[in-house]
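# Topology and contacts: notes
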Amino acid sequence: MSGATYLFDMGYTLLGPHPSFEHRVVDTLASHGLLTTPDAIFKAESQSWREANERLTDRRFTLDADRSADFWRGFYDILTCRAGVLSTPDPAISEALCRVFTEHSTYALYDDVTPVLAQLRARGNRIGVISNWEGWLHDLLGAQGLTEQFECVIVSGTVGLEKPDPAIFELAFTQMGVSPHECTYVGDSLEYDVAPSLALGVTPVLIDRRDRHSAQALPCRRITSLFELLDPRDPA
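Since this is a predicted model, take the numbers as computed values, not measurements.

### Overview of the overall build of the protein chain
If you tally the helices and strands in the protein chain, you get 9 helices and 8 strands. Whereas a compact globule of 236 residues would reach a radius of gyration of roughly 18 Å, the protein chain reaches 18 Å, a difference of no more than 12%. Projected onto its principal axes, the C-alpha positions of the protein chain cover 55 × 35 × 30 Å. Counting contacts in the protein chain only where the partners sit at least 6 residues apart, residues at least 24 apart contribute 63% of the total. In the form shown here, the protein chain has an accessible surface area of approximately 10800 Å², with 52% of it arising from carbon and sulfur atoms. Considering the protein chain, the positive charge centre built from 20 side chains and the negative charge centre built from 33 side chains are found 3 Å apart.

Below, the structure is given as structure tokens:
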């Protein structure tokens, strides 16, 4: 395992809403007099995400602040209706959710991140980030004390490229001076993380913190904690 290069996604891989996306949504809705449960939000989220993406003529919404805001307002419109909270979208509610999920205080590192990154570096591995996120991710990483831990941080909203475009991966390879077959990419999405990694010859690892893929036949290794990357049986 010594001397490998590990590239990481960010959302739901290294950090996420605390204590969870579902709880943050529930608390925000409750502050506006709307009651629901984390389970209802969890069940509605995946379908809401698919519907929001189907409405896009161009997936690359993180590259532009106005398009990003439009996408997320649309997503929360769908989510609140899919979860049965509202019968029709309420722009004020969707805007309130957008504000919550662009606040640094909403996000926290997962408990396994700091010790695993430290162990990977101690074993002589190199680490970097490739993330589909608006440009404010750089400030969020600084607030979390993460920036200095990575050799490169590639954020779609800054570089003008979005996964699954191979060019965003190739930018990381160039910055780190590595070839794809030397790299392991860890992310939570089959479409945006696993598929492009396989196409480029990168070893993908799917991190499934929310147990969304446990019943599926997968084309790569699945883990539920970053500690599993430290397993000596890891072929990477």
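The discussion continues.
### Quick notes on the pairing of strand β7 (residues 203–207)
Here β7 lies mainly inside the structure; 4 of its 5 residues are buried. Where strand β6 (residues 183–187) meets β7, 4 bridges bridge the pair, whose relative direction is parallel. The partner of G187 across the bridge, within β7, is L206. Chirality of the crossover, the property in question, places the unit of β6, helix α9 (residues 190–200) and β7 among those that are right-handed. Here 3 bridges tie β7 to strand β8 (residues 221–223), and the two strands are oriented parallel to one another.

### Some thoughts on the pattern of salt bridges
Counted according to the given criterion, the structure contains 13 salt bridges. A salt bridge links D70 to R73, with the nearest nitrogen and oxygen atoms 2.7 Å apart. Separated by 3 residues within a single helix, D70 and R73 lie in helix α3 (residues 65–82), roughly one turn from each other. Residue class for D70 comes out partly exposed when judged on its relative accessible area of 48%. Exposure remark for R73: the relative accessible area of 29% places this residue in the partly exposed category. The partner of D208 in a salt bridge is R222, with the nearest N and O atoms 2.9 Å apart. Of the two residues, D208 is situated in the loop between β7 and β8 and R222 in strand β8; the sequence distance between them amounts to 14 residues. When its relative accessible area of 27% is taken as the criterion, R222 is described as partly exposed. Where salt bridges share partners, they join E22, E45, R210 and R212 into one cluster.

### A few points about the pairing of β6
Looking along a regular strand, one sees side chains alternate from face to face of the sheet. Within β6, 5 of the 5 residues are buried, which leaves it mostly tucked inside the rest of the structure. Across the two faces of β6 the burial is the same, with C183, Y185 and G187 and T184 and V186 all buried. Of the strand pairs in this sheet, strand β1 (residues 5–8) and β6 are connected by 4 bridges, and their pairing is parallel. Directly across from F8, in β6, lies its bridge partner V186.

### Regarding helix α2 (residues 38–54)
Taking 1.5 Å as the rise per residue, α2 with 17 residues should run 24 Å; its terminal C-alpha atoms sit 25 Å apart, in good agreement. At E45, α2 shows its maximal kink, close to 35°. If you follow the buried residues of α2, they end up packed against α1 (21–30), α3 and α9.

### Here we look at the sheet that holds β6
Taken in spatial order, the 6 strands line up as β5-β4-β1-β6-β7-β8 in an open sheet, and their pairing is parallel. Each of the sheet's edge strands pairs with one partner strand only, and the pair in question is β5 (152–155) and β8. Mean inter-strand twist for the sheet, computed between neighbouring axes without regard to direction, equals 25°. Sheet topology note: the β1/strand β4 (residues 126–131) ladder contains 4 bridges and is parallel. Residue pairing across strands places F8 opposite V129, the latter belonging to β4.

Cut-offs used in this document
Residues numbered from 1 in each chain as written. Predicted model: local features only at pLDDT ≥ 70, side-chain atom pairs only at ≥ 80, totals over all residues. Heavy atoms only, no water. Helix = DSSP H or I, 4+ residues; strand = E, 2+ residues; numbered from the N terminus. Rg over C-alpha atoms; globule rule 2.2 N^0.38 Å. Contact = heavy atoms within 4.5 Å. Areas by Shrake-Rupley, 256 points an atom, 1.4 Å probe, with all protein chains shown as cover. Lys, Arg positive; Asp, Glu negative; His and termini not counted. Charge placed at Lys NZ, Arg CZ, Asp CG, Glu CD. Buried < 20%, exposed > 50% of the residue type's maximum accessible area, 1.4 Å probe, protein only. Pairing = 2+ DSSP bridges. Right-handed = clockwise from strand over helix to strand, strands pointing away. Salt bridge = Lys/Arg side-chain N within 4 Å of Asp/Glu carboxyl O. Expected span 1.5 Å × (residues − 1). Bend = angle between axes of the 7 residues up to and from the residue. Axes fitted to C-alpha atoms, helices over the stretch in contact; angles between N-to-C directions.

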